[in-house]
Amino acid sequence: MTTSQVTPKRVDVDDLMRRVGELPPLPQVAQRALQLIRDPSSNMADLADVLSLDQALAGLVLRWANSAYYGLVHPVATVRQAVVYLGQQTIENLIMAGSLAAFMARPVPGYGLDPGELWKHSVAVAGGARLAASRFGMQVSEEAYHAGLLCDIGKLAFEVLLRDVDLDDPQWCNRPLPDLEAAHFGIDHASLGAEMARRWNLPTPLLEAIAFHHRPAQAGEGAIHAAAVHVADYAATMLGIGMGREGMQYSLDPIALERLGWTEASFYEMLDRLEPLVAEAEGFLDITAF
Ligand SMILES: [Fe+2]
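The notes below deal with the structure included here. Keep in mind the model is a prediction, meaning the values are calculated, not measured. (Residues numbered from 1 in each chain as written. Predicted model: local features only at pLDDT ≥ 70, side-chain atom pairs only at ≥ 80, totals over all residues. Heavy atoms only, no water.)

Describing the overall build of the chain
Selection criterion: A run of DSSP states H or I qualifies as a helix once it reaches four residues; a run of E qualifies as a strand once it reaches two. Both are numbered from the N-terminal end. Here the term buried applies to any residue with accessible area under 20% of the maximum for its type, exposed to any over 50%, and partly exposed to those in between, with areas from a 1.4 Å probe on protein chains only. In what follows, a contact means two residues having at least one pair of non-hydrogen atoms within 4.5 Å.
Check the secondary structure of the chain and you find 16 helices and zero strands. Counting over 290 residues, the chain shows a buried share of 53%. Within the chain, counting contacts between residues at least 6 apart in sequence, those at least 24 apart form 70% of the total.

Considering the pattern of salt bridges
The test is simple: Counted as salt bridges are all cases of a side-chain nitrogen of Lys or Arg within 4 Å of a carboxyl oxygen of Asp or Glu.
Evaluated as defined, the whole model comprises six salt bridges. Across the salt bridge formed by arginine 130 and glutamate 142, the nearest N and O atoms sit 3.3 Å from each other. Separated by twelve residues along the polypeptide, arginine 130 in helix α7 (residues 117-132) and glutamate 142 in helix α8 (residues 138-150) bring together distant segments of the chain. Residue arginine 130 is classed as partly exposed on the basis of its relative accessible area of 25%. Among the salt bridges present, the one from glutamate 195 reaches arginine 198, with a minimum N-O distance of 2.6 Å. Residue glutamate 195 and its partner arginine 198 are located together in helix α12 (residues 189-199), separated by three residues, close to a single helical turn. On the basis of relative accessible area, arginine 198 is assigned to the partly exposed category, the value being 44%.

Description of the coordination of the iron ion
Put simply, the rule is: Donors, by definition, are the N, O and S atoms found within 2.8 Å of a metal, the threshold being 3.2 Å for Na, K and Ca, and water is not counted, so a site can look incomplete. Irregular is the label for any site that misses the other tests, which are tetrahedral for four donors with all angles between 85 and 135 degrees, and square planar for four donors or octahedral for six when opposite donors exceed 155 degrees and the remaining angles lie between 65 and 115.
The coordination sphere of the iron ion contains the protein donors Asp152 (OD), His189 (NE2), His213 (NE2) and His214 (NE2), at a distance range of 2.1 to 2.2 Å. Note that the iron ion binds four donor atoms; their angles at the metal cover 83 to 169°, and the shape is irregular. Along the chain, the residues donating to the iron ion are arranged with the sequence spacing D-x36-H-x23-H-H. Of this pair, aspartate 152 sits in the loop between α8 and α9 (154-162) while histidine 189 is found in helix α12, placing the two residues 37 residues apart along the sequence.

A few points about the side chain of histidine 146
Its place among the elements puts histidine 146 in helix α8. You can call histidine 146 buried: its relative accessible area is 3%. If we ignore the near neighbours within four places in the chain, the residues touching histidine 146 are Gln89, Glu92, Asn93, Met96 and Leu206.

Considering the environment of aspartate 166
Mapped onto the elements of the fold, aspartate 166 is located in the loop between α9 and α10 (170-173). The exposure class assigned to aspartate 166 is partly exposed, which follows from its relative accessible area of 47%. Taking the C-alpha atoms as reference points, aspartate 166 and glycine 110, separated by 56 residues in sequence, lie 9.8 Å from one another.

Focus on the nonpolar core
Inclusion rule: Throughout this description, the term nonpolar core refers to a set of buried Ala, Val, Leu, Ile, Met, Phe, Trp, Tyr and Cys residues connected via side-chain atoms within 4.5 Å.
In this structure, Leu51, Ile91, Val231 and Phe267 are the most contacted members of the largest nonpolar core, which totals 91 residues. Per-element accounting of this core gives the leading share, nine residues, to helix α14 (residues 223-238).

Focus on the environment of valine 84
Residue placement: valine 84 occurs in helix α5 (residues 79-86). In this structure the C-alpha to C-alpha distance between valine 84 and leucine 47, which are 37 residues apart in sequence, comes to 9.7 Å.

Considering the packing of aromatic side chains
What counts here: Note on aromatic contacts: the rings of Phe and Tyr and the six-membered ring of Trp form a pair at centre separations within 6.5 Å, being stacked when their planes are under 30 degrees apart, edge-to-face when over 60 apart, and tilted otherwise.
For the coordinates displayed, the defined rule picks out two aromatic pairs. Look at tyrosine 234 and phenylalanine 267: their rings are 6.0 Å apart centre to centre, the planes differ by 40°, and that puts the pair in the tilted class. You can see tyrosine 234 sitting in helix α14 and its partner phenylalanine 267 sitting in helix α16 (residues 264-284), a full 33 residues away along the chain. What makes phenylalanine 267 buried here is its relative accessible area of 4%. Judged by centre distance (5.2 Å) and plane angle (85°), the ring pair of phenylalanine 267 and tyrosine 268 falls under edge-to-face. An aromatic cluster of three or more residues is present, and its members are Tyr234, Phe267 and Tyr268.

Here's what the structure looks like:
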């Protein structure tokens, strides 16, 4: 059977979510902390009190504040001090990365990803996307970071569908993976990931960046976010960080560079920084602790 003859199996997203029951929602403490960060009437003490309810998150915040990166003379001893010291943006990044680490570290065999590889890939894409969007201001670059972290989250759910597919069939090797996912199931891992993120009430530019990280030309409100995630995803794949099966058929859409106002040299500058970023994150996020 050729690919063009494939009739997509209609996937009911709700049904799929139920089948992937083991995917946890964003933990309650993390959700509450993110709400507080976005609420202008809340203060740092409220945020610290909520974080203190979660041992792993509290530990992460303290480890980060006391890291060599900040070189504090007097170590920070309480979550309240750490929160004041690090600031809301850093705390938000830590919450997202920390909350996702546990389940993104799982193996994803359908995509040829060993344990920890999807998580490493996500951290690289997040860091690269933040660099790529940095000239568009703090809010856009931080949202691009989160979108990068989440862009392949749909693979965790999609993997359930791929278990029934013969991945050695030549038609699975010769086309970009998202095209094949769509041809077989009527949805690709990017759209599925965006649907998962929508259930976490994440803002539209983030949802678009996830949905269009392989097709940045189609993004609207999240055009910069999607372009940033796309170039970082491509760069991480080029470096072989969590490449898996997707790597061989991945091409860079030049519209992404254009939207970012980037040259080829800017791209390679970002690429050179990805491996150190992953090594740094691995040092701080002990993923077995989540
Ligand atoms: Fe992807």
